[in-house]
Amino acid sequence: MIINHPLLGPRDAAEFIYLGDAALIDRPDWQAEDAMQQFHDYAYLRDNPAGPHRELWYHEQGDRSWLVVTRDTTTHEITDVQMARDVARSRGRDK
Amino acid sequence: MPDYTLISTPPLAGYDKIFGTTRLHAPADLAIVSIALPLGAEDAALKAVKSAYGAALPEPGRSTLTKEGARLVRLGSDQAFVIFTHATPDAERAVATRLKGTAYTTDQTDVWTGLEITGPDSRTVLERICPVDLHRDAFAEGDAARTVMEHLGALIVRTGEDTFLLLSASSSANSFLHAVETSIRNTS
């Protein structure tokens, strides 16, 4: 499998490690009223789609960047790769 | 206090071998200093690099050879290496002084080992162990990539027509050398 890194071009999947669902970017607010419930859902509840899945990959043997990869779990076809930093910023994160 | 001096002993110091038309050697006195661009102050750091070295820090995946012979390698959006020849153990200070505190610098000299492979068959040797496409059209002179070779993290820079600088961890220097030597023997 080859991941087309937005900055560095096509790279072998052996250079990356997989973390999981890209929803992990949206960490709940620990001061919210229902923080306990939100963190429970954040930590334990995952969709398990047969089809396109947005997930986090870490370019460990490369530039150490986090990527959001859209991969079809039935075919391994990768349709989109973005820098996780850009995704987080577009969701209102400051770093 | 006893008076003592430390003697630098790079793991592959003095290594230089010729296999047919391929030469593999460990460049002497190779110094490596990393530059991390501070979050929010990237522009000031980039400007400082340009005025200190007379060359702009290139795009990620590219490297530039400065007039004085230092190589600036951009590894990612906010990280870079300066690779140069420097015999004394104060490479980090040499770079930090020139950048005037605009970026974070760390000495990497001791943790990396360098090998330079040159010869018309260098690509044939490397394509067996390097997952990055090294075709002339895909990997131009000056291109650089951080990748894995034989499970060892490595940095490869194309420094000439048929010349590549390979860097890997000094703790596994001899395993890395063995991987490259084996590939040379397998393809010759």
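Residues numbered from 1 in each chain as written. Chains lettered and ligands numbered in written order. Predicted model: local features only at pLDDT ≥ 70, side-chain atom pairs only at ≥ 80, totals over all residues. Heavy atoms only, no water.

By the naming in an unreviewed UniProt entry, chain B is Sarcosine oxidase subunit gamma, taken from Roseovarius pacificus.

By the naming in an unreviewed UniProt entry, chain A is Sarcosine oxidase subunit delta, taken from Roseovarius pacificus.

The subject of this paragraph is helix α1 (residues 42-53) of chain B. All names here are of chain B. Here α1 is 12 residues long and its end C-alpha atoms lie 17 Å apart, about the 16 Å a rise of 1.5 Å per residue gives. Among all positions of α1, only Ala 45, Ala 48, Val 49, Ala 52 and Tyr 53 are buried. Angular distribution of buried residues about the axis of α1 spans 105 degrees; they occupy a single face of the element. Residues Asp 43, Lys 47 and Ser 51 are exposed on α1 and point more than 90 degrees away from its buried face. Elements in contact with the buried residues of α1: β3 (30-36), β5 (71-74), β6 (79-85) and α2 (91-99). After α1 finishes, the residue Gly 54 shows a positive phi value of roughly 70 degrees. (Helix = DSSP H or I, 4+ residues; strand = E, 2+ residues; numbered from the N terminus. Expected span 1.5 Å × (residues − 1). Buried < 20%, exposed > 50% of the residue type's maximum accessible area, 1.4 Å probe, protein only. Arc of directions from axis to C-beta. Contact = heavy atoms within 4.5 Å.)

So, about the interface of chain B and chain A. Of the residues lining the interface, 15 residues belong to chain B; the matching set on chain A comes to 12 residues. Taking both sides of the interface into account, the surface hidden between chain B and chain A amounts to around 1100 Å²; carbon and sulfur atoms contribute 51%. Linking chain B with chain A are 1 salt bridge, by the criterion used here. One salt bridge in this structure joins Asp78(B) and Arg85(A), with 2.9 Å as the shortest N-O distance. (Buried area = accessible area lost by both parts, 1.4 Å probe. Salt bridge = Lys/Arg side-chain N within 4 Å of Asp/Glu carboxyl O.)

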